[in-house]
Amino acid sequence: GEDVEQSLFLSVREGDSSVINCTYTDSSSTYLYWYKQEPGAGLQLLTYIFSNMDMKQDQRLTVLLNKKDKHLSLRIADTQTGDSAIYFCAERGAGNMLTFGGGTRLMVKP
Amino acid sequence: DAGVIQSPRHEVTEMGQEVTLRCKPISGHDYLFWYRQTMMRGLELLIYFNNNVPIDDSGMPEDRFSAKMPNASFSTLKIQPSEPRDSAVYFCASSYRGGNTEAFFGQGTRLTVV
């Protein structure tokens, strides 16, 4: 079945760029997503990319998709302490079901 | 729309008791998902429904877990009897097949079984 993997933890300094990486296995994925979960809250969609795109930019967020390698990344420019959260990568596979990675905990040090 | 609404937000119960978690999806959404989140196992899909029909319940851990969706605006996840290892945050999410089909999540129910 589908599998989505992420590193568990990332620590950066405020003002630096953060890059969160994700790999997936389902080559038929049509959409790939990045969700953010703040403490005590549910997951909220940050951004998404359609599988025929290589890159999508949205303010401080840049999503890169390498479909050949099945690799997705999220770059956050000028990372702020408010960006500290868990970031989940997800892919849409068969049956409209989203498969989530385990989440990457981003810690931003002042 | 108020988004996906889950209740209760927090539930503390004793081992062996029945627990019922509730979810109201976003109006017009035709998919509903139940997830469980723990530190050890991350986010796990338990079951999902399409048009009120269960499609895949392979993630339901055991027979103690059951889920129903009697109509398009309500779903329950029941655990009977509950055990301490069921302690987790349970999320409900809904989505619509059209568009980018993003899933909208509720705030979650934090379940503690003592």
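What you are looking at is a predicted structure, and each value in this text was computed from that prediction instead of being measured.

What counts, and at which threshold
Along each chain, the written sequence defines residue order, and numbers are assigned to residues from 1. Starting at A for chains and at 1 for ligands, labels are handed out in the order in which the entities are written. Side-chain atom pairs in this predicted model are given and counted only at pLDDT of 80 or more, local residue features only at pLDDT of at least 70, and totals for whole chains, interfaces and linings cover all residues. To get the side-chain values, all heavy atoms of the structure are used, and hydrogens and water are removed first. Only DSSP runs of H or I with at least four residues qualify as helices, and only runs of E with at least two residues qualify as strands; both kinds are numbered from the N terminus onward. Each radius of gyration is computed over the set of C-alpha atoms, and the globule rule expresses the reference value as 2.2 Å times the number of residues to the power 0.38. Working rule for contacts: check all heavy atoms of both residues, and any pair within 4.5 Å makes them a contact. Using a 1.4 Å probe, accessible areas were evaluated by the Shrake-Rupley method; residue-level cover was limited to the displayed protein chains. Counted as positive: Lys and Arg. Counted as negative: Asp and Glu, with His and the chain ends omitted from the count. Lys charges are placed at NZ, Arg charges at CZ, Asp charges at CG and Glu charges at CD. For every residue, the accessible area (1.4 Å probe, protein chains only) is compared with the maximum for its type, and the residue is labelled buried under 20%, exposed over 50%, or partly exposed between those bounds. Residues adjacent in sequence count toward polar contacts only when both atoms are side-chain atoms; beyond that, a polar contact is any pair of N or O atoms within 3.5 Å, and within protein one must be able to donate a hydrogen and the other to accept it. Summed over both partners, buried area is the accessible surface (1.4 Å probe) that two parts give up on being assembled. Residue type decides the class: Asp, Glu, Lys and Arg count as charged, Ala, Val, Leu, Ile, Met, Phe, Trp, Tyr, Cys and Pro as nonpolar, and the leftover types, Gly among them, as polar. What makes two strands pair is DSSP finding at least two bridges between them. Candidates for patches are residues over 30% relative accessible area with no salt bridge; among them, like charges are joined within 9 Å and nonpolar side chains (Val, Leu, Ile, Met, Phe, Trp, Tyr) within 5 Å. Take a side-chain nitrogen of Lys or Arg and a carboxyl oxygen of Asp or Glu: if they are within 4 Å of each other, that pair is a salt bridge. The predictor's confidence in any single residue is recorded as pLDDT, a number from 0 to 100.

Further remarks concern the overall build of chain B. Along its length, chain B carries zero helices and 11 strands. Its C-alpha atoms give chain B a radius of gyration of 13 Å, within 12% of the compact-globule value 13 Å for 114 residues. Expressed as lengths along the three principal axes of its C-alpha atoms, the size of chain B is roughly 40 × 25 × 25 Å. When contacts within chain B are restricted to residue pairs at least 6 apart in sequence, long-range pairs at least 24 apart make up 53% of them. In the form shown here, chain B has an accessible surface area of approximately 5700 Å², with 49% of it arising from carbon and sulfur atoms. Charged side chains of chain B number 11 positive and 13 negative; the gap between the two group centres comes to 2 Å.

Residues and elements named next belong to chain B. For D86, the position within the fold is in the loop between β8 (74–79) and β9 (88–95). Given the relative accessible area of 1%, D86 is considered buried. A polar side-chain atom of D86 sits 2.7 Å from the main-chain amide nitrogen of E83.

Residue P8 of chain B is reached from S7 of chain B by a cis peptide bond, and omega for that bond is -10°. Despite not being glycine, Q59 of chain A shows a phi value in the positive range, around 55°. Take Q59 of chain A: it is sitting in the loop between β6 (55–58) and β7 (61–66). We note that N52 of chain B has phi near 75°; this positive angle belongs to a residue other than glycine.

With respect to the secondary-structure elements, A41 of chain A resides in the loop between β4 (31–37) and β5 (43–50). On the basis of relative accessible area, A41 of chain A is assigned to the partly exposed category, the value being 21%. Spatially, the C-alpha atoms of A41 of chain A and T81 of chain A are 17 Å apart, while their sequence positions differ by 40 residues. Excluding its chain neighbours within four sequence positions, the residues that come into contact with A41 of chain A are F91 and Q107 of chain B.

The next thing to look at is the environment of M39 of chain B. With respect to the element layout, M39 of chain B can be found in the loop between β4 (31–38) and β5 (42–50). Each C-alpha atom of the pair M39 of chain B and V89 of chain B lies 9.8 Å from the other, and the pair is 50 residues apart in sequence.

Looking now at the interface of chain B and chain A. Facing the 22 residues of chain B at the interface are 18 residues of chain A. Note on chain B versus chain A: buried area summed over both sides is about 1600 Å², and carbon and sulfur give 51% of it. Put simply, chain B and chain A have four residue pairs in polar contact (both at pLDDT 80 or more) between them. Mapped onto the side of chain B that touches chain A, the elements with two or more residues apiece are β4, β5 and β9 of chain B. The element that contributes the greatest number of residues to the side of chain B that touches chain A is β4 of chain B, accounting for four residues. The residue inventory of the side of chain B that touches chain A, partitioned by class, reads 11 nonpolar, seven polar and four charged.

All names here are of chain B. Of the two faces of strand β11 (residues 109–113), only one is covered, namely that formed by T109, L111 and V113; the face formed by R110 and T112 stays uncovered. Bridge count for strand β2 (residues 10–13) against β11 is four bridges, and the pairing is parallel. For E11, the partnering residue across the bridge sits in β11 and is L111. Pairing of β9 with β11, which is carried by three bridges, proceeds in the antiparallel orientation. Of the residues in β11, the one forming a bridge with V89 is R110.

Our focus in this paragraph is a nonpolar patch on the surface. On the surface, L8, F9 and M107 of chain A cluster together to form a nonpolar patch covering roughly 340 Å² of accessible area. Its place among the elements puts F9 of chain A in strand β2 (residues 9–13).

Here we come to the confidence of the model for chain A. Model confidence for chain A is summarised by a mean pLDDT of 91, while 95% of its residues fall at 70 or above. The secondary-structure element of chain A with the lowest mean pLDDT is strand β10 (residues 98–100) of chain A, recorded at 85, while strand β8 (residues 71–76) of chain A shows the highest, at 97.

On inspection of all chains with the given rule, the structure shows 11 salt bridges over all chains. D83 of chain A is the salt-bridge partner of R60 of chain A, the closest N and O atoms lying 3.0 Å from each other. With a gap of 23 residues between them, R60 of chain A in the loop between β6 and β7 and D83 of chain A in the loop between β8 and β9 (85–92) connect regions that are remote in the sequence. A relative accessible area of 32% places R60 of chain A in the partly exposed class. Here E18 of chain B ties to K78 of chain B by a salt bridge, and the two come within 3.9 Å at their closest N and O atoms.

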